[in-house]
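The residues making up each chain are set out below.
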Amino acid sequence: MATDREPDLTWGAIQVRGAHENNLRDVSLDIPKRRLTVFTGVSGSGKSSLVFQTIAAESRRLLNETYAAFVQSFMGTPARPDVDSLDGLTTAIVVDQEPMGANPRSTVGTATDAHAMLRVIYSRLGTPHVGPASAFSFNTPAGTGKGVLTLEKGGKGHAAREVKELRISGGMCAECEGLGRVSTVDTDALLDRTRSLNEGAIVFPGYSPGGWNQRLYAESGYFDPDRKLRDFTAAELERLLHGPDTKIVFNGINITYEGLVDRITHQFLVKDADSLQPAVRAAVERVATFAPCPACGGTRLNALARSSLIEGRSIADCAAMQVSDLASFVRGLDAPGVRPMTDQLAALLDSFVSIGLGYLSLDRETSTLSGGETQRTRMVRHLGSSLTDVTYIFDEPTIGLHAHDVHQMNDLLRRLRDKGNTVLVVEHDPEVIRIADHVVDMGPGAGPHGGHVVYEGTVDGLLASGTATGRHLDIQLTVKQDPRPPRGSIPIRNARLHNLRDVSVDVPLGVLVAVTGVAGSGKSSLIHGCMPRTDPSVTVIDQSAIKGSRRSNPATYTGILDPIRKAFAAANGVKASLFSANSEGACPACNGLGMIYTDLAFMYDVASVCEVCEGRRYTDEVLEYRLRGRNVVEVLAMPVEEARDFFAERPVRVMLDRLADVGLGYISLGQELGTLSGGERQRLKLAIEMSGDTEVYVLDEPTTGLHMQDVENLVRLLERLVDAGRTVIVIEHNLDVIARADWVIDLGPGGGHDGGRVIFEGPPAALARAEQSLTGQYLRRRLEAGAAS
């Protein structure tokens, strides 16, 4: 390991000794406290294994000993990270890119407490006065109740009976129950009227004949379960679909009979679609349509809550405002009685603006945020915190940020450090690496070729270290001087989606096009929402979650598991189904999952390794069969790079080569898809699409999660696609990609309503001279900095 000098341990250190998690190779180091430390290295080099799966995991384990003791009584002891010793830990706050949850009631406002503050302000200043803060909550239903209370009065067992009326002040819209949208079920898609209930007339997962849900209707006593639904009377069909709710005895239990449509609505349609199992999600998409609630106009609030105004605005109006505008509105309120609350809310909203989220609104559902937006929304909670001696851990906080916003992010990280906190950042962005007090560079390669600390020290020392990070930090950026000429274009005319201002632009064909601009400037609205996709054919490859189950992995998603199973079967003279964790070869205890999942109802599910197969997913019999000396578990544990050398079978090798080409050589074939980052998911999709006949590829920030060396490899791949006659359109902030494009479309000048206009079109060399473009200004600074060095 290279180092230029010993780290500054004035305030002590987090001491890591003998870390072996995943691909870590006996890593030991001292991480200085109350300093800003950046962990970098090529993709798959072990950064996340060290920071998140070792340091953060151990901190969480120690802080949750009470919960762990509760779970231990029936689930076993939670696993400890694979590290010999880990000392000097402080309370860790992990700010990662995991989704905020699939609760459709969760918004940017509720997730950051901004909406709670706004509700208090409206309860004090709104006219007419309609009630306390709960009267403005779309999660609280309004209601009244009346009854007789027996009160003890006068002693000696005396009691008095009084009639009391209870009133709940809530702001929830009764029509949509605070969701802002209503669903309509297509009963023709839900029911097969040519069948009886016992023949499977209900066409929805979980309602197959003989199952609990199906029997509830078949044995309710209201219908002949063997009669075809087409022969039902109108009254019978109405009762089947819509009730009314009545008490019945089913299977010896008193339960409430509920109409089928109402039951499916409450069970599935009020939930976020991405939280549902794949089969249920597909069924919901088939039978249901969603539209804004006509009663509340999508605001989620009842008429009474919307009637209370401050300076002519309702709380729904404020929640729909761009955060930067709302901050100005709140600061302008002349209300000494609630000054502490307005000051606190204004400071919180200013924090949104300072980290590049000023274009959001408080009513935006958290499930619609990107990974980078999710992480920065979480960060807002901590900006005003007075905590000290806390360890903040960030996972690539610059994802989705324009170069202009990266500088603001750097200021934020310094502020947290200067409060006396330890800040650990996993990052590839050179601008963040340059502000670090201490740098830990992992490598030298990815997967089995990584796991070592190849450099530890200052940024100046990193530049002279000769590591992959050090070399690329020192490379001078140059723009493409001879861009390809276009061979046609895709016209976009009068685009007005979201914040677009009547935009008309021609997207050139046959070249590499970069669509740039600050966050919220309208890039995605223009390309995803307004660009025609039929002539020529367009394939959009984004970072959205891959729809699959806990069993899904790169081998199943790319389709190479089938030829792998057949190769095992041919080599051993047995059936291919033995080598499927979904079929005959699956461990019977965990059904091939490798984990046992326990639903704790009001708490998060608990997962524990299956004690029978020890997480291997297959039976012991299957593991006896080998292909070139390896069993199926060992093969699925191989990273792509190793698997390329192992497999000679052409269908497998071709796909493995593509995965390596898109920078995924370090992921294992059996890695659960849910553990992949947004950038990794996008590159996985690209590897699959590369074999198609698509004429135009659209990629949304494909450099997400990539080291500078991997960005260079990705750009070469995109160049090869263009050389083969394809058109590649990238929505991107990375200046290395923008400089290598043939054509740039820059939107802005700001985000939200300050953007939505095309402010530059042309080659990157001309962009660097465009004074009106923030992207051009930062590109020019980067070019000048490289020339000066």
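Check the entry above for the structure.
Residues numbered from 1 in each chain as written. Predicted model: local features only at pLDDT ≥ 70, side-chain atom pairs only at ≥ 80, totals over all residues. Heavy atoms only, no water.

So, the overall build of the chain
Counting its secondary structure elements, the chain contains 30 helices and 26 strands. The C-alpha atoms of the chain give 29 Å as radius of gyration, which agrees with the globular expectation for 789 residues (28 Å, within 12%). Based on the C-alpha atoms only, the size of the chain along its principal axes is roughly 85 × 80 × 65 Å. Across the 789 residues that make up the chain, the buried fraction comes to 52%. Counting contacts in the chain only where the partners sit at least 6 residues apart, residues at least 24 apart contribute 66% of the total. Of the accessible surface of the chain, which amounts to about 34500 Å², a share of 49% is contributed by carbon and sulfur atoms. Charge separation in the chain, taken as the distance between the mean sites of 82 positive and 98 negative side-chain charges, equals 3 Å. (Helix = DSSP H or I, 4+ residues; strand = E, 2+ residues; numbered from the N terminus. Rg over C-alpha atoms; globule rule 2.2 N^0.38 Å. Buried < 20%, exposed > 50% of the residue type's maximum accessible area, 1.4 Å probe, protein only. Contact = heavy atoms within 4.5 Å. Areas by Shrake-Rupley, 256 points an atom, 1.4 Å probe, with all protein chains shown as cover. Lys, Arg positive; Asp, Glu negative; His and termini not counted. Charge placed at Lys NZ, Arg CZ, Asp CG, Glu CD.)

Digging into the side chain of Asn-499
Mapped onto the elements of the fold, Asn-499 is located in the loop between strand 17 (489-495) and strand 18 (503-508). A relative accessible area of 14% places Asn-499 in the buried class. At 3.1 Å, the side chain of Asn-499 and the backbone oxygen of Gly-520 are in polar contact. Not counting residues within four places of it along the chain, the set of residues in contact with Asn-499 comprises Gly-520, Ser-521, Gly-522, Ser-525, Gly-752, Gly-755 and Gly-756. (Polar contact = N/O pair within 3.5 Å; in protein donor to acceptor, adjacent residues only side chain to side chain.)

Here we look at the sheet that holds strand 23 (residues 696-700)
The six strands lie next to each other as 20-23-24-19-25-26, forming an open sheet whose pairing is mixed. Of all the strands in the sheet, the pair left with one neighbour each is strand 20 (538-541) and strand 26 (757-762). Averaged over all pairs of adjacent strands, the angle between their axes in this sheet comes to 15°, without regard to strand direction. Strands strand 19 (512-516), strand 20, strand 23, strand 24 (727-731) and strand 25 (743-748) of the sheet are contacted by helix 19 (residues 523-530), whose axis makes an angle of about 140° with strand 24. Here helix 27 (residues 708-723) sits on the sheet in contact with strand 19, strand 23 and strand 24, set at roughly 145° to strand 24. (Pairing = 2+ DSSP bridges. Axes fitted to C-alpha atoms, helices over the stretch in contact; angles between N-to-C directions.)

Some words on the packing of helix 12 (residues 323-331) against helix 13 (residues 339-354)
Two numbers describe a pair of packed helices, the interaxial angle and the distance between the axes. Running from amino to carboxyl end, helix 12 crosses helix 13 at an angle of 155°, the nearest separation of the two axes being 9 Å. Taken as axis vectors, helix 12 and helix 13 run roughly antiparallel relative to one another. Here helix 12 and helix 13 pass one another in a crossing that is left-handed. Between helix 12 and helix 13, the contacting residues are Val-323, Ser-324, Leu-326, Ala-327, Val-330 and Arg-331 on the first element and Arg-339, Thr-342, Leu-345, Ala-346, Leu-349, Asp-350, Phe-352 and Val-353 on the second. Partitioned by chemical class, the residues of the contact of helix 12 with helix 13 number nine nonpolar, two polar and three charged. (Parallel < 35°, antiparallel > 145°, perpendicular 65-115°, else oblique. Left-handed = near helix turned anticlockwise from the far one by under 90°. Nonpolar A, V, L, I, M, F, W, Y, C, P; charged D, E, K, R; others polar.)

Some thoughts on unusual backbone geometry
Following Thr-127, the chain continues into Pro-128 via a peptide bond in cis, with omega recorded as -5°. By the secondary structure assignment, Pro-128 is in the loop between helix 4 (114-125) and strand 7 (143-152). With an omega of 20°, the peptide bond between Gly-243 and Pro-244 qualifies as cis. Within the secondary structure layout, Pro-244 lies in the loop between helix 7 (234-242) and strand 10 (246-250). Of note, the phi angle at Arg-300 is positive, near 80°, even though the residue is not glycine. On the secondary structure map, Arg-300 appears in the loop between strand 12 (288-292) and helix 10 (303-307). A relative accessible area of 5% means that Arg-300 is categorised as buried.

Notes on the packing of aromatic side chains
Ring pairs (aromatic) are described by centroid distance and by the angle formed between their planes. The final tally for this structure, using the stated rule, is 13 aromatic pairs. With centroids separated by 5.5 Å and ring planes inclined at 75°, the aromatic side chains of Tyr-217 and Tyr-257 adopt a geometry described as edge-to-face. A residue pair is termed long-range when its members are at least 10 positions apart, and Tyr-217 in helix 6 (residues 212-218) and Tyr-257 in strand 11 (residues 253-257) qualify at 40 residues. Of the residues examined, Tyr-257 reaches a relative accessible area of 0% and is grouped as buried. Ring centres 5.0 Å apart and planes at 85° place the aromatic pair Phe-646 and Phe-647 in the edge-to-face group. Classification of Phe-647 as buried rests on a relative accessible area of 2%. Ring-pair connections join several aromatic residues into one group, and the members of that group are Tyr-217, Tyr-222, Phe-223, Phe-232 and Tyr-257. (Phe/Tyr/Trp six-rings, centres within 6.5 Å; stacked < 30°, edge-to-face > 60°.)

Points about the sheet that holds strand 2 (residues 13-19)
The strand order across the open sheet formed by three strands is 3-2-5, and the pairing between neighbours is antiparallel. Of all the strands in the sheet, just strand 3 (27-32) and strand 5 (83-87) have a single pairing partner and so form its edges. Geometrically, the sheet is characterised by an average inter-axis angle of 5° between neighbouring strands, direction not taken into account. Pairing of strand 2 with strand 5, which is carried by four bridges, proceeds in the antiparallel orientation. Considered in strand 5, the bridge of Val-16 is made with Leu-86.

Looking at the packing of helix 4 against helix 13
At a closest axis distance of 10 Å, the pairing of helix 4 and helix 13 adopts a crossing angle of 150°. Taken together, helix 4 and helix 13 sit at an angle that is classed as roughly antiparallel. At the point where helix 4 passes helix 13, the crossing takes the left-handed sense. Counted together, Ala-114, Met-117, Leu-118, Val-120 and Ile-121 of helix 4 and Met-341, Thr-342, Gln-344, Leu-345 and Leu-348 of helix 13 form the full contact between these two elements. Among the residues making up the contact of helix 4 with helix 13, the classes are represented as eight nonpolar, two polar and no charged.

Quick look at the pattern of salt bridges
Applying the stated criterion to the full structure yields 39 salt bridges. Residue Glu-719 is joined to Lys-480 by a salt bridge in which the shortest nitrogen-to-oxygen separation is 3.1 Å. Taken together, the residues span a long stretch of sequence, with Glu-719 in helix 27 and Lys-480 in the loop between helix 18 (468-473) and strand 17 at a distance of 239 residues. Overall, the relative accessible area of 16% leaves Lys-480 in the buried class. Look at the salt bridges and you will find they share partners, linking Lys-480, Arg-484, Glu-719, Asp-723 and Asp-742 into a network. (Salt bridge = Lys/Arg side-chain N within 4 Å of Asp/Glu carboxyl O.)

Side note on the side chain of Asn-421
Structurally, Asn-421 can be placed in the loop between helix 15 (403-418) and strand 14 (422-426). For Asn-421, a relative accessible area of 0% translates into the label buried. A distance of 3.1 Å separates the side chain of Asn-421 from the backbone nitrogen of Asp-389, its partner in a polar contact. Among the polar contacts listed, one links the side chain of Asn-421 to the backbone nitrogen of Val-390, at a separation of 3.0 Å. Beyond its immediate chain neighbours, meaning those up to four positions away, Asn-421 contacts Arg-34, Arg-35, Leu-387, Thr-388, Asp-389, Val-390, Tyr-392 and Leu-416.

What to know about the environment of Thr-366
Position of Thr-366 relative to the elements: it lies in the loop between helix 13 and helix 14 (371-383). Judged by its relative accessible area of 2%, Thr-366 falls in the buried class. Separated by 112 residues in sequence, Thr-366 and Thr-478 have C-alpha atoms that sit 39 Å apart. Of note is the side chain of Thr-366, whose polar atom sits 3.0 Å from the side chain of Ser-106.

A look at helix 13
Note: α-helices contain 3.6 residues per turn, so residues at a spacing of three or four share the same orientation. With 16 residues, helix 13 ought to run about 22 Å at 1.5 Å a step, and its terminal C-alpha atoms sit 22 Å apart, in line with that. All of the buried residues in helix 13 are Thr-342, Leu-345, Ala-346, Leu-348, Leu-349, Ser-351 and Phe-352. Gly-356 sits one or two positions beyond helix 13 and adopts a positive phi of about 80°. (Expected span 1.5 Å × (residues − 1).)

Comments concerning the pairing of strand 4 (residues 36-41)
Counting buried positions along strand 4 gives six out of six residues, so the element sits mostly inside the fold. In this structure, strand 4 lies alongside strand 15 (residues 438-443), joined through five bridges in parallel fashion. Considered in strand 15, the bridge of Val-38 is made with Val-439.

Let's talk about helix 7
Burial in helix 7 covers these residues: Glu-236, Leu-237, Leu-240 and Leu-241. Buried residues of helix 7, seen end-on, are gathered within an arc of 125° and therefore sit on one face of the element. Opposite its buried face, helix 7 presents the exposed residues Ala-234 and Ala-235, each directed more than 90 degrees away. Looking at the buried side of helix 7, the elements it contacts are helix 5 (187-190), helix 6, strand 11 and helix 8 (260-269). Looking one or two places after helix 7, you find Gly-243, whose phi comes out positive at around 90°. (Arc of directions from axis to C-beta.)

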